[in-house]
Amino acid sequence: MSETTNKEEAAKRGSTIELDVGGTVYKVSRSLLEQYPDTMLGRMTSETWQTTDNTEALFIERDGGRFKYVLDYMRDGTVF
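Reading guide: rules and limits
- Residues numbered from 1 in each chain as written.
- Predicted model: local features only at pLDDT ≥ 70, side-chain atom pairs only at ≥ 80, totals over all residues.
- Heavy atoms only, no water.
- Pairing = 2+ DSSP bridges.
- Helix = DSSP H or I, 4+ residues; strand = E, 2+ residues; numbered from the N terminus.
- Buried < 20%, exposed > 50% of the residue type's maximum accessible area, 1.4 Å probe, protein only.
- Polar contact = N/O pair within 3.5 Å; in protein donor to acceptor, adjacent residues only side chain to side chain.
- Salt bridge = Lys/Arg side-chain N within 4 Å of Asp/Glu carboxyl O.
- Patch = residues over 30% accessible without salt bridge, like charges linked within 9 Å, V, L, I, M, F, W, Y side chains within 5 Å.
- Areas by Shrake-Rupley, 256 points an atom, 1.4 Å probe, with all protein chains shown as cover.
- Core = buried A, V, L, I, M, F, W, Y, C linked by side-chain atoms within 4.5 Å.
- Contact = heavy atoms within 4.5 Å.
- Axes fitted to C-alpha atoms, helices over the stretch in contact; angles between N-to-C directions.

Caption draft 1: Summary view of the pairing of strand E2 (residues 24–29). With six bridges joining them, strand E1 (residues 16–21) and E2 adopt antiparallel strand pairing. Bridge assignment links Val-21 to a residue of E2, and that residue is Thr-24. Linking E1 back to E2 in an antiparallel pair, the connection comprises two residues, with Gly-22 at a positive phi of about 60°.

Caption draft 2: Representation of the environment of Thr-45 in the model. Relative to the helices and strands, Thr-45 is located in the loop between helix H3 (40–44) and strand E3 (58–60). Taking relative accessible area as the criterion, Thr-45 reaches 6% and is therefore assigned buried. Taking the C-alpha atoms as reference points, Thr-45 and Leu-58, 13 residues apart in sequence, are found 8.4 Å from one another. A distance of 3.4 Å separates the side chain of Thr-45 from the backbone oxygen of Gly-42, its partner in a polar contact.

Caption draft 3: Focus on the pattern of salt bridges. For the structure on display, the rule yields three salt bridges. Note that Arg-43 is salt-bridged to Asp-38, the shortest N-O span being 3.9 Å. Under the relative-accessibility criterion, Asp-38 is labelled exposed at 65%. A salt bridge links Arg-66 to Asp-63; its shortest N-O distance comes to 3.7 Å. Under the relative-accessibility criterion, Asp-63 is labelled partly exposed at 43%.

Caption draft 4: Expanded view of a nonpolar patch on the surface. Among the surface-exposed residues, Tyr-69, Tyr-73 and Val-79 lie close enough to one another that they form a single nonpolar patch of about 300 Å² accessible area. Within the element layout of this structure, Val-79 appears in the segment after helix H4 (64–76).

Caption draft 5: Layout of the nonpolar core. If you look at the biggest cluster of nonpolar residues, it comprises 13 residues, and the most contacted ones within it are Leu-19, Val-28, Leu-41 and Phe-67. Breaking this core down by element, the ones donating at least two residues are E1, E2, helix H2 (30–34), H3 and H4. If near-sequence neighbours (up to four positions away) are discounted, Phe-67 is found in contact with Leu-19, Val-21, Tyr-26 and Leu-41.

Caption draft 6: Layout of the sheet that holds E2. Ordered by their spatial adjacency, three strands build an open sheet running E2-E1-E3, and the pairing between neighbours is mixed. The open sheet has two edge strands with one neighbour each: E2 and E3. Each strand of the sheet is rotated relative to its neighbour by a mean of 30°, with strand direction disregarded. In this sheet, E3 lies alongside E1 in parallel orientation, the contact comprising three bridges. The partner of Val-21 across the bridge, within E3, is Ile-60. Strand contacts of H4: E1 and E2, with the helix running at about 15° to E2, the strand carrying the most contacts.

Right, dumping it as C-alpha cells:
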C-alpha cells in the first residue's frame, strides 16, 4: 500500500477513538494505541478488528475510573 493510501485510510478512520470504559468515555489518539499493536487495546482499535464505521465508542467492561491509569502508563511509561 502506498504512503498516500495509508494516510487516506487513516484520515477516514479518524485521528481519535472513543472508548466507553464502564460508562466513562475516553477520547484517545489513534497514534497512542498504534504504538502498542500487540495489546488488547491496540488490536481492538486496529483496522483488522474494525468492522463498523467507527461512529460509536468501543465498549470495554472494566472500571472506568481506573482506566485512566492504563492510559497514563501508555503515554508516560509510568503511573503517578
